Amino acid sequence: MKPARRGVFHPLLSICLAVLFLFPSAAYQNVSDNTLKSLPRPGKDFDIHDGAILSPILIPRVAGTPGSTTVLNHFVDFFRTSLPTWNVEFQNSTSVTPVSDGKEIPFVNFIASRDPPWALKGDVGRLTLVAHYDSKYEPEGFIGAIDSAAPCAMIMHAMRSIDDALTKKWESMKAKGDAHSSLDDHIGIQVIFLDGEEAFKAWTATDSLYGSRALAQHWDSEVNPAMSVYKTPLSSISLFVLLDLLGAKQPEIGSYYPTTHWAYQKLANVERRLRDLNMFKSGGRDWFPDASKNEHEIARYNPVEDDHLPFLQRGVEVMHIVDFAPIRGFPDVWHTMDDDGEHLDIDTVEDWSLLFAGFAAEWMELEGFMPDSKAERSVHPAEDKPAPQKRRSDKTELF
Ligand SMILES: *[C@@H]1O[C@H](CO)[C@@H](O)[C@H](O)[C@H]1NC(C)=O
Ligand SMILES: *[C@@H]1O[C@H](CO)[C@@H](O)[C@H](O)[C@H]1NC(C)=O
Ligand SMILES: [Zn+2]
């Protein structure tokens, strides 16, 4: 985030607002056990042969090929039928690749978002969940189940799990007339399925990340309407959560960025609580070994080049959820023909989707609005807020 680039007519106020928007208080407040217990499992929808969400993605889908279009249509159908209130758009670009004989290959990024109904586009800060949907050019027939068909499916299920609660929350705020009055009312959510992450030949700065480079550049140059809180769509990303290489058993996820370590700890906390509530099927040990460290103790070096880079380099706050361990490296099936549906650990894939639903419910402040969860807000003051916790009270002073 680049506060210096905000501020149109009232620089001081704008900067304050921007800082307030950065960390929604939602992110600090635990949802209740009831809310976590209400999260649905994907079950049949994650069947690798005929499941409605996952199986259509488990096909070769190299950028610019018919498989890619098929998967893109699957995303569009899913949002149109299951999440019809979401706004769906594409961001397209073309590029030559080392194997295209000078021909331009099309890259299509899929973007779906949902904002509070009263909010102006440029005033919404969005929790942004990201995965790439393209598959590798070689070996021929490569599926890429953990890379990243399963992460796409996890995000789809997680968004469907919280969508009704979002509607209820916003309707309730509207009915009470407190919409517009607080900055909490401008928290939105966004899904990005990126094209062209994989290299066609060998990973280089130009042969990789085709979709993310195009989108980051486009969103950095597009300007929101005058007097918006956020100057560009890029700065409207409150947190860029990138999922990659997820779906193998016993993942190990590092924390690499001090400024988003608090979010990593929140995710780890939701994981711990889901385990304690016996909602995880996969067993084993915790997935987030850095959770007990503070932000000064983490590695601060991310060895994994991925779709976050074009965004990180432009100042976006990133949380990179990638299964990578210092000695083991990536999961065994990585970039081999074994990375297919059969090699997924479906319990783990389902558990991930619950975890991201729980994390999103917490971020979007959905306590009391999930189905069957008791309509009660936590009465405990948030004790585990990191340093910038005064914001909630600051907010009311501004309006
Ligand atoms: C981008 O490409 C998709 C898929 O080919 C197409 O449906 C869409 O209309 C294009 N969008 C724009 C803005 O060009
Ligand atoms: C949130 O949950 C974690 C783990 O159960 C707990 O340690 C922490 O105190 C809780 N925070 C609040 C504000 O209840
Ligand atoms: Zn890959």
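Above: the structure in question.
Owing to the predicted nature of the structure, the values given are computational and were not obtained by experimental measurement.

Calculation rules
Residues numbered from 1 in each chain as written. Chains lettered and ligands numbered in written order. Predicted model: local features only at pLDDT ≥ 70, side-chain atom pairs only at ≥ 80, totals over all residues. Heavy atoms only, no water. Helix = DSSP H or I, 4+ residues; strand = E, 2+ residues; numbered from the N terminus. Buried < 20%, exposed > 50% of the residue type's maximum accessible area, 1.4 Å probe, protein only. Contact = heavy atoms within 4.5 Å. Areas by Shrake-Rupley, 256 points an atom, 1.4 Å probe, with all protein chains shown as cover. Near = heavy atom within 4 Å. Polar contact = N/O pair within 3.5 Å; in protein donor to acceptor, adjacent residues only side chain to side chain. Donors = N, O, S within 2.8 Å, 3.2 Å for Na, K, Ca; no water. Salt bridge = Lys/Arg side-chain N within 4 Å of Asp/Glu carboxyl O. Expected span 1.5 Å × (residues − 1).

*Asks:* Looking at this model, I keep getting lost on the overall build of the protein. Mind explaining?
*Replies:* Helix and strand content of the protein: 9 helices and 6 strands. Taken over 399 residues, the protein has a buried fraction of 58%. For the protein, long-range pairs separated by at least 24 residues make up 78% of all intrachain contacts whose partners lie at least 6 apart in sequence. If you sum the accessible surface of the protein, you get close to 16,600 Å²; carbon and sulfur atoms cover 55% of it.

*Asks:* Can you walk me through the site of ligand 1 in this structure?
*Replies:* Near ligand 1 you find Phe90, Asn92 and Val108, and these make up its full shell. Take Asn92: an N or O atom from its side chain is 2.5 Å from an oxygen atom of ligand 1. Here ligand 1 loses 35% of its free accessible area of 360 Å² to cover by the protein chains.

*Asks:* Help me out: how do you make sense of the coordination of the zinc ion (ligand 3) in this one?
*Replies:* Each donor-metal-donor angle would ideally measure 109.5 degrees in four-coordinate tetrahedral geometry, or 90 or 180 degrees in six-coordinate octahedral geometry. Protein-derived coordination of the zinc ion (ligand 3) comes from Asp147 (OD), Asp147 (OD), Glu198 (OE), Glu198 (OE) and His335 (NE2), at a distance range of 2.0 to 2.8 Å. If you list the donors of the zinc ion (ligand 3) from N- to C-terminus, the spacing comes out as D-x50-E-x136-H. Taken together, the positions of Asp147 in helix H4 (residues 145-176) and His335 in the loop between strand E6 (318-322) and helix H8 (346-363) put the pair 188 residues apart, joining distant regions of the chain. On the accessibility criterion, His335 (23% relative accessible area) is partly exposed.

*Asks:* Would you mind showing me how to read the pattern of salt bridges here?
*Replies:* It is possible for side chains of opposite charge to pair when their charged atoms get near one another. Taken as a whole, this structure holds 19 salt bridges when the rule is applied. In this structure, Asp33 and Arg273 form a salt bridge, with 2.8 Å as the shortest nitrogen-oxygen distance. Here Asp33, found in helix H2 (residues 33-37), pairs with Arg273, found in helix H6 (residues 261-276); they are 240 residues apart in sequence, far enough to count as distant. Given the relative accessible area of 36%, Asp33 is considered partly exposed.

*Asks:* Got a minute to help me understand helix H3 (residues 66-82) in this structure?
*Replies:* In an α-helix, one turn spans 3.6 residues; hence positions three or four apart end up facing the same way. With 17 residues, H3 should cover 24 Å at 1.5 Å per step; its first-to-last C-alpha distance of 24 Å lies within 8% of that length. Turning to H3, the residues buried within the fold contact strand E1 (87-95), strand E2 (105-114), H4 and strand E4 (187-194).

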